[in-house]
Amino acid sequence: MLFAGARSVTHRNEIQQSSVEDTMRLQSLQHGTMADRSKEEAEARNEHAVQDPEMIASMVDMSIRNNTERRKLGFFSCGTGNPIDDCWRCDSDWQRHRKRLADCAIGFGRNAVGGRDGKFYVVTDPSDDDPVDPKPGTLRYAVIQDRPLWIVFKRDMVITLKQELIMNSFKTIDARGANVHIANGACITIQFISNVIIHGLHIHDCKPTGNTMVRSSPTHYGWRTMADGDGISIFGSSHIWIDHNSLSNCADGLIDAIMGSTAITISNNYFTHHNEVMLLGHSDSYTQDKIMQVTIAYNHFGEGLIQRMPRCRHGYFHVVNNDYTHWEMYAIGGSAEPTINSQGNRYLAPADPYAKEVTKRVLTEDSVWKHWNWRSDGDLMLDGAFFTPSGAGAEASYAKASSLGAKPSTLVASLTSDAGVLNCHRGSPC
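A. The arrangement of the overall build of the protein in detail. In terms of helices and strands, the protein carries 9 helices and 31 strands. Across the 430 residues that make up the protein, the buried fraction comes to 57%. A sequence separation of at least 24 residues applies to 65% of the contacts in the protein between residues at least 6 apart. Summed over its atoms, the accessible surface of the protein is roughly 17,500 Å², and 51% of this surface lies on carbon and sulfur atoms.

Okay, structure coming up:
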């Protein structure tokens, strides 16, 4: 069995054989003057500017906070070009400064604070014997608490959940420094809550569970019907950031977000060995999902994937600087008039001559989908890959599907080279 974090030799070789152009760009980022880089960043912001004043204000605020955190650590950039990683990974004392991670989010989920304002909680017990009365020291006991918590792990562990892990608001699950698997049982449910950060977990082999009682807070437990077996299920929730996880081989989706969920960033994850990878939007008739805004950035969609990377409905989706190296049917699909803004991605088509198209409109007539706003901007198409755009390119629509400046697609290999769970050790940069 391959865990989700396992890397293929092919991908390692591909990264090692990055083009001279990639290397020159990275050297420019690493060795250029601060003034030059500031100028480049300013030009990038202008190029990808949006018309929504609230969005502009929020993006400026996030940029200021990230730059402030970098100055505190005494560096401008780690040189990877990945703005999330450059914000915190150069700090050799990261373990003492774990909560700085909460200031490094980007995209629509950038304001997710997780458990930043709460105490640390250390998971010492991998068991999940009683979903109604969980023991102190377990992960379930931590996530149901009604106060902010930053949850870490004492040691490596495999947690096999008897039932869905029903989370409460203002929680961070931070597995840096330990090898933690949520596997071979139920997995994670984020339902009707806000402000959650999930970082550094191996999530795989999730199974349907349910028809039983499960606790969701210290004062409430209730009946749960059968769950689908998603790796991470986001239901009616907002301000969610899912970063640097490795996911594979679950019964349903690896990450699904439905029922009016919004303000979500899915970044730096490594997806492998799965059919229906990611569903964003409940159904064609559920129009409440029109509020949905999701950023999908710096992820690697790797070996053994078939479709839905993602499959979208109704809302606004920014797919930016991801590496698509494997699909069997299609990469990005949708129905019910979603807006999809694909920027700076690398799409490597499969050998199958009938599966070269990146996009798929699901069960929709051409006369209908030709009005949807789907665009490819600066994407790198390899081995015959092609993206079928549509719509008149309404700027107001794309403003709602824009959440950060895209970097050149030629940098995707380096931007995503550390996608998935990181190997972090105390006393050295992560």
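B. The arrangement of the environment of P310 in detail. Position of P310 relative to the elements: it lies in the loop between β22 (305–307) and β23 (311–313). By relative accessible area, P310 is classed as buried at 0%. Along the primary structure P310 and E276 are separated by 34 residues, whereas in three dimensions their C-alpha atoms are 8.5 Å apart.

C. Structural view of the packing of aromatic side chains. Using the criterion set out here, one finds 7 aromatic pairs in the structure. Ring geometry for F192 versus F235: centroids 5.2 Å apart, planes at 90°, classification edge-to-face. With F192 in the loop between β7 (188–191) and β8 (194–199) and F235 in strand β12 (residues 232–235), this pair connects stretches of sequence that are 43 residues apart. By relative accessible area, which is 21% here, F235 ends up partly exposed. Summarising the aromatic geometry, the rings of W327 and Y347 are spaced 6.5 Å apart at their centres and angled 75° between planes, so their arrangement reads as edge-to-face. With a gap of 20 residues between them, W327 in the loop between β25 (323–324) and β26 (332–335) and Y347 in strand β28 (residues 346–348) connect regions that are remote in the sequence.

D. Molecular detail of the side chain of D230. Topologically, D230 is positioned in the loop between β11 (220–224) and β12. No salt bridge is formed by the buried D230; its nearest oppositely charged neighbour, R308, is found at 8.1 Å. For D230, the side chain forms a polar contact with the main-chain nitrogen of G253, separated by 2.9 Å.

E. Structural context of the state of the cysteines. As enumerated under the stated definition, the model contains 3 disulfides in all. Between the sulfur atoms of C87 and its disulfide mate C104 the distance is 2.1 Å. Looking along the S-S bond of the C87-C104 disulfide, the torsion reads about -70°, which is the left-handed sense. One end of the pair, C87, is in helix α5 (residues 83–88); the other, C104, is in the loop between α5 and β1 (119–123), with 17 residues separating them in the sequence. Across the disulfide, C187 is cross-linked to C206 (sulfur-sulfur distance 1.9 Å). The chirality of the disulfide connecting C187 with C206 is left-handed, given an S-S dihedral of about -80°. Taken as a pair, C187 in the loop between β6 (180–183) and β7 and C206 in the loop between β9 (202–204) and β10 (212–217) lie far apart in primary sequence, 19 residues in all. Each member of the pair C187 and C206 is classed as buried.

F. Layout of the pattern of salt bridges. For the structure on display, the rule yields 15 salt bridges. D91 is the salt-bridge partner of R100, the closest N and O atoms lying 3.5 Å from each other. Here D93 makes a salt bridge to R96, at a shortest N to O gap of 3.2 Å. One network of salt bridges, in which partners are shared, links D85, R89 and D418.

G. Examining unusual backbone geometry more closely. A cis amide bond links M309 to the next residue, P310, at an omega of 5°. Positive phi, close to 55°, is recorded for H244, a residue that is not glycine. Note on placement: H244 falls in the loop between β13 (238–243) and β14 (246–248). For M259, which is not glycine, the phi torsion reads 55° and is therefore positive. Looking at the element boundaries, M259 is found in the loop between β15 (255–258) and β16 (262–267).

H. Here's a closer look at a nonpolar patch on the surface. Taken together, the side chains of M213, Y221 and W223 define a hydrophobic patch exposed on the protein surface, amounting to about 340 Å² of accessible area. Mapped onto the fold, W223 is located in strand β11. Residue classification places W223 among the exposed positions, given a relative accessible area of 54%.

I. Geometry of the sheet that holds β23. Read from one edge to the other, the open sheet built from 8 strands follows the order β4-β7-β12-β15-β19-β23-β26-β29, with strand pairing classed as parallel. Since the sheet does not close on itself, it has two edges, and those belong to β4 (165–166) and β29 (359–361), each with one partner.

J. Here's a closer look at the nonpolar core. Counting residues in hydrophobic clusters, the biggest one holds 66 residues, and the most contacted among them are L139, F153, I190, L201, I232 and F271. Leave out the neighbours within four places in its chain, and L139 touches V123, D125, I151, F153, I159, L165, I173 and I182. Within the second largest apolar cluster, 24 residues are counted, among which are I84, A105, L404 and A406.

What counts and how
- Residues numbered from 1 in each chain as written.
- Predicted model: local features only at pLDDT ≥ 70, side-chain atom pairs only at ≥ 80, totals over all residues.
- Heavy atoms only, no water.
- Helix = DSSP H or I, 4+ residues; strand = E, 2+ residues; numbered from the N terminus.
- Buried < 20%, exposed > 50% of the residue type's maximum accessible area, 1.4 Å probe, protein only.
- Contact = heavy atoms within 4.5 Å.
- Areas by Shrake-Rupley, 256 points an atom, 1.4 Å probe, with all protein chains shown as cover.
- Phe/Tyr/Trp six-rings, centres within 6.5 Å; stacked < 30°, edge-to-face > 60°.
- Lys, Arg positive; Asp, Glu negative; His and termini not counted.
- Salt bridge = Lys/Arg side-chain N within 4 Å of Asp/Glu carboxyl O.
- Polar contact = N/O pair within 3.5 Å; in protein donor to acceptor, adjacent residues only side chain to side chain.
- Disulfide = S-S within 2.5 Å.
- Patch = residues over 30% accessible without salt bridge, like charges linked within 9 Å, V, L, I, M, F, W, Y side chains within 5 Å.
- Pairing = 2+ DSSP bridges.
- Core = buried A, V, L, I, M, F, W, Y, C linked by side-chain atoms within 4.5 Å.

What is shown is where atoms sit, not what they do.
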